[in-house]
Amino acid sequence: MSKVRVGVNGYGTIGKRVATAIAKQDDMELVGVTKTRPNYEAKDALAKGYGLYVPEESVEAFAKAGIHIDGTVKDMLGKVDIVVDCTPGSLGEYYRDMYKAAGVKAIFQGGEDHSLTGISFNSTANYAESWGAQLSRVVSCNTTALLRTLYPIDKALKVENAYVTIVRRAVDPGDSKGGPVNGLEPSVKLPTHHGPDVQSVMPWLNINTMAVKASTTLMHVQTVVAQLSQQSTTEEVIDILRSAPRVRLVKASDGIKSTPQIMELARDLGRDRSDMYEIVVWEDGVKVVGNTLYYYQAVHQESDVIPENVDCIRSMCKVTQDASESVAKTDASLGIGRE
Ligand code: NAD
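Model, not experiment: these values are computed from the prediction.

Below, the discussion takes up the overall build of the protein. Scanning the protein from N- to C-terminus turns up 13 helices and 16 strands. Relative to the globule expectation of 20 Å for 339 residues, the C-alpha radius of gyration of the protein, 20 Å, shows essentially globular dimensions. Across the 339 residues that make up the protein, the buried fraction comes to 55%. Pairs at least 24 apart in sequence give 71% of the contacts found in the protein among residues at least 6 apart. Carbon and sulfur atoms make up 50% of the accessible area of the protein, which totals about 14,600 Å².

With that settled, consider the packing of aromatic side chains. Tallied over the entire structure, the rule returns five aromatic pairs. Each member of the aromatic cluster is reached from another via a ring pair, and the members are Tyr94, Tyr95, Tyr99 and Phe108.

So, about the sheet that holds strand S2 (residues 28-34). Pairing within the open sheet is parallel, and its eight strands lie in the order S4-S3-S2-S1-S5-S6-S8-S7. Both edges of this open sheet fall to strand S4 (71-72) and strand S7 (120-121), since each of them pairs with a single strand only. Strand direction decides the pairing type here: S2 and strand S3 (residues 52-54), joined by two bridges, are parallel. Paired with threonine 34 across the strands is tyrosine 53, a residue of S3. Along the sheet face, helix H1 (residues 13-23) touches strand S1 (4-9), S2 and strand S5 (82-85) and points at about 155 degrees away from the line of S2.

Let us look at helix H2 (residues 40-47). Three or more residues of H2 are buried, namely Glu41, Ala42 and Ala45. All buried residues of H2 lie within an arc of 105 degrees about the axis, which places them on one face of the element. Seen from the buried face of H2, the exposed residues on the opposite side, beyond 90 degrees, are Tyr40, Lys43 and Ala47. On the buried face of H2, the contacting elements are H1, S2, S3 and helix H3 (59-65). Of the residues that open H2, the one with a side-chain oxygen 3.0 Å from the backbone nitrogen of glutamate 41 is asparagine 39. A positive phi of about 85 degrees marks glycine 49, the residue just after H2.

Right, let's talk about the pairing of strand S16 (residues 292-299) for a bit. Counting buried positions along S16 yields six of eight residues, so the element is predominantly enclosed. Bridge analysis of strand S12 (residues 220-228) against S16 gives eight bridges, and the strand direction is antiparallel. Counted as the bridge partner of valine 221 is alanine 298 from S16. In this sheet, S16 lies alongside strand S14 (residues 279-282) in antiparallel orientation, the contact comprising two bridges. Each bridged residue has a counterpart across the sheet, and for valine 280 the counterpart in S16 is alanine 298. Here strand S15 (residues 287-289) hands over to S16 after two residues, with glycine 290 in that stretch at a positive phi of 65 degrees.

Moving on, we get to the site of the ligand. In the vicinity of the ligand there are 21 residues, among which Thr13, Ile14, Tyr95, Arg169 and Asp172 approach most closely. Between the ligand and the protein, one listed contact pairs an oxygen atom with a backbone N or O atom of threonine 13 at 3.0 Å. At 3.5 Å, a backbone N or O of glutamine 301 approaches an oxygen atom of the ligand. About the coverage of the ligand: the protein hides 79% of its 830 Å² of free accessible area. Residue-level mapping places the shell around the ligand at the junction of two domains, with at least three residues from each of domain 1 (4-139 + 305-334) and domain 2 (141-299).

At a minimum axis distance of 9 Å, the contact between H1 and helix H12 (residues 306-316) shows a crossing angle of 55 degrees. When the axis of H1 is compared with that of H12, the two are oblique. The handedness of the crossing between H1 and H12 comes out as right-handed. For the pair formed by H1 and H12, the contact residues are Ile14, Arg17, Val18, Ala21 and Ile22 on the first element and Ile306, Asn309, Val310 and Ile313 on the second. For the contact of H1 with H12, the residue count by class is seven nonpolar, one polar and one charged.

What counts, and where the lines are drawn
Residues numbered from 1 in each chain as written. Predicted model: local features only at pLDDT ≥ 70, side-chain atom pairs only at ≥ 80, totals over all residues. Heavy atoms only, no water. Helix = DSSP H or I, 4+ residues; strand = E, 2+ residues; numbered from the N terminus. Rg over C-alpha atoms; globule rule 2.2 N^0.38 Å. Buried < 20%, exposed > 50% of the residue type's maximum accessible area, 1.4 Å probe, protein only. Contact = heavy atoms within 4.5 Å. Areas by Shrake-Rupley, 256 points an atom, 1.4 Å probe, with all protein chains shown as cover. Phe/Tyr/Trp six-rings, centres within 6.5 Å; stacked < 30°, edge-to-face > 60°. Pairing = 2+ DSSP bridges. Axes fitted to C-alpha atoms, helices over the stretch in contact; angles between N-to-C directions. Arc of directions from axis to C-beta. Polar contact = N/O pair within 3.5 Å; in protein donor to acceptor, adjacent residues only side chain to side chain. Near = heavy atom within 4 Å. Domains from an automatic or database assignment. Parallel < 35°, antiparallel > 145°, perpendicular 65-115°, else oblique. Left-handed = near helix turned anticlockwise from the far one by under 90°. Nonpolar A, V, L, I, M, F, W, Y, C, P; charged D, E, K, R; others polar.

None of this, on its own, says anything about what the molecule does.
Here it is, written out as structure tokens:
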């Protein structure tokens with residue numbers, strides 16, 4: 001079978017990581033990435049040997065800056081089977097129409113609404129739903145995290161109700177514009193959108209979410225309280241999480257007490273950009289009392305959705321029917337589970 005030709009529209013936090021991951025797949029070809037401004041990231045993409053494409057209105061700026069381009073976004077669309085849209089949320093409708101006109105499939109990210117695509121994706125929970133689809137959406141970093149752990153727990157023990165509080169990072173590490181720099185900011189529009197977003201993949205799950213923005217850049221932390229339909233034990237839940245794909249158990253008693261130590265571990269693992277693709281659960285912070293389960297998990301917002309985007313391409317382009325086969329292939333290419 002010939003390789004799937006992939007373009008990445010938007011080369012920011014998510015787009016650059018998706019491009020790196022696609023370039024590692026032996027069943028995919030990275031045709032190119034797009035940039036709007038001739039900045040250091042555009043130069044980096046060229047240095048990496050990626051095709052560089054720009055919106056029509058940016059052509060002149062790149063010419064003035066003396067940066068070579070391979071064409072416009074429309075030119076790139078003429079060369080690909082599928083585009084992974086990593087532009088900031090809100091450009092979705094504009095680009096969806098452009099992809100449709102070009103006859104290419106498209107994956108959007110969690111900043112867009114489920115209604116844009118009608119299908120939302122998570123490798124663990126609903127790989128098959130995007131099979132052959134023209135459009136799909138990889139859900140947000142927080143939603144991906146909740147699906148990775150709640151789906152296997154629900155499958156084994158049936159979750160009657162889940163109550164989640166998300167302590168959100170204020171901005172990504174590379175962003176010097178946002179905040180708060182010193183403060184905690186609750187999301188007052190309740191319940192937050194995260195619960196309905198989980199339901200775009202697990203519509204049967206009763207889930208209630210709140211969120212607080214905190215002055216940190218490294219990771220989000222989620223606290224989960226789940227009411228189970230049956231009595232269980234702490235050990236049983238830990239076993240479920242241990243065998244769940246892309247979930248990593250760590251122990252506070254080993255010295256991993258907070259998100260800085262998780263990111264230090266990620267640096268020690270030596271992966272691309274020191275990313276932690278797995279959802280990290282504190283094993284000694286899992287507790288079951290009767291029917292009630294409590295746990296904490298940490299989410300590396302810049303990278304947990306990256307393997308999901310690779311699997312979503314395989315589902316939409318009908319490359320691999322078996323979800324676990326795609327997950328294993330993606331994980332091997334990114335170094336997940338190698339240690
Ligand atoms: P970002 O701002 O880091 O990157 C967006 C990129 O798109 C930038 O390079 C920007 O120059 C480019 N861009 C802007 N306008 C464009 C246009 N008209 N055409 C082409 N490119 C354009 O944003 P991000 O954090 O990578 O987020 C991208 C998407 O991924 C959003 O939907 C976001 O909600 C989602 N997401 C972000 C995170 C995160 O924590 N950063 C996590 C999961 C999902």
